[in-house]
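Notes for the structure review
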Amino acid sequence: MKKKLPEIMEDMRQALLGRKKDHSWGTSASDAYSATMDGIKGFSSDTLSKTAERFNEALPYIERAGYDVTEIEVGLGLSPKVVPHLRLRELISDDEERALLFETREKKLINTILNSLFRASGTRKNLKFNKFHFTDIELELSILPTVVLKFKPNAAHQPVPDIEEEVEGDPLALAAPGDDQTGNTDI
């Protein structure tokens, strides 16, 4: 049976306090580390599985809210996370937003995701960056969920590629106009 976070914390506390006879600080630290890693392994995979399940339940609602999922990242670690990347396909009306929120009022995670997306859509309208435009949203689904708005350079302000990359394989590309690379120049 998988341990819950409070049980993992209690195992760590007991290991640190050295509840065994003739326990040294080094042994306590080693025991605490082992208790932490053993507990978190099960906790992390269980948490990720549940988060993936919940996201799969939310996906149809996210699509109805006007978003497409372009990719999903999974972060492994002490605080595991699932990070779907979303692209706004269409803006839905305020009435459609309210209807989706009402429909999902009993589904806490889905309702929270939708609320976050709708707030992010509203916020992006107010954020103006010179030479950049809104492109995507990342939802970090973890212990502390986060919404990340992504902005990329406008087409007119794209960074100029390195000239070496552009001309690779073309020996005449760096030549001056009229220079045929034979030493002769047109005058």
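Located above this text is the structure these notes cover.
Here is a short report on the structure shown in this document.

Parameters and conventions
Residues numbered from 1 in each chain as written. Predicted model: local features only at pLDDT ≥ 70, side-chain atom pairs only at ≥ 80, totals over all residues. Heavy atoms only, no water. Core = buried A, V, L, I, M, F, W, Y, C linked by side-chain atoms within 4.5 Å. Buried < 20%, exposed > 50% of the residue type's maximum accessible area, 1.4 Å probe, protein only. Helix = DSSP H or I, 4+ residues; strand = E, 2+ residues; numbered from the N terminus. Contact = heavy atoms within 4.5 Å. Patch = residues over 30% accessible without salt bridge, like charges linked within 9 Å, V, L, I, M, F, W, Y side chains within 5 Å. Areas by Shrake-Rupley, 256 points an atom, 1.4 Å probe, with all protein chains shown as cover. Salt bridge = Lys/Arg side-chain N within 4 Å of Asp/Glu carboxyl O. Pairing = 2+ DSSP bridges. Expected span 1.5 Å × (residues − 1). 1 Å grid on protein atoms, 1.4 Å probe; cavity = no way out; pocket = protein on both sides within 12 Å on 5 of 7 lines; lining within 4 Å. Points joined across faces, edges and corners; volume = space filled by probe spheres on them. Nonpolar A, V, L, I, M, F, W, Y, C, P; charged D, E, K, R; others polar.

1. Notes on the nonpolar core
Within the largest apolar cluster, 20 residues are counted, with the highest numbers of intra-cluster contacts made by Ile62, Leu114 and Leu117. Looking at this core, the elements that each hand over two or more residues are α2 (25-64), α3 (94-103), α4 (108-126) and β3 (132-140). Per-element tally for this core: the top contributor is α4, with 6 residues. Aside from chain neighbours lying at most four places away, what touches Leu114 is Tyr61, Ile62, Ala65, Leu100, Leu101 and Thr104.

2. Side note on a nonpolar patch on the surface
A surface patch of nonpolar side chains, about 320 Å² in accessible area, is lined by Ile72, Val74 and Leu76. Tracing the chain through its elements places Leu76 in the loop between β1 (67-75) and β2 (81-88). Residue Leu76 is classed as exposed on the basis of its relative accessible area of 72%.

3. A closer look at the pairing of β2
For β1 and β2, the ladder comprises 8 bridges, and the chain directions are antiparallel. From the neighbouring strand, Val74 faces β2, where its bridge partner is Val82. The antiparallel hairpin formed by β1 and β2 contains 5 residues in its connecting segment, where Gly77 sits at a positive phi of about 155°. Taken together, the 3 bridges between β2 and β3 define a ladder with antiparallel strand orientation. Bridging from a neighbouring strand, His85 pairs with Glu138 of β3.

4. Quick word on α4
Over its 19 residues, α4 runs 27 Å from end to end, which matches the ideal 27 Å to within 8%, given 1.5 Å per residue. Among all positions in α4, only Ile110, Asn111, Ile113, Leu114, Ser116, Leu117, Phe118, Ala120, Ser121 and Arg124 are buried.

5. Describing empty space enclosed by the protein
Unfilled space is identified by rolling a water-sized probe across the atoms. Counting across every chain of the model gives 1 cavity of 30 Å³ or more. Here the largest cavity defines a volume of roughly 30 Å³. Residues of the lining of the largest cavity, tallied by class, amount to 6 nonpolar, 1 polar and 2 charged.

6. Re unusual backbone geometry
Backbone geometry places Lys131, a non-glycine residue, at a positive phi of 70°. The class for Lys131 is partly exposed, based on a relative accessible area of 48%.

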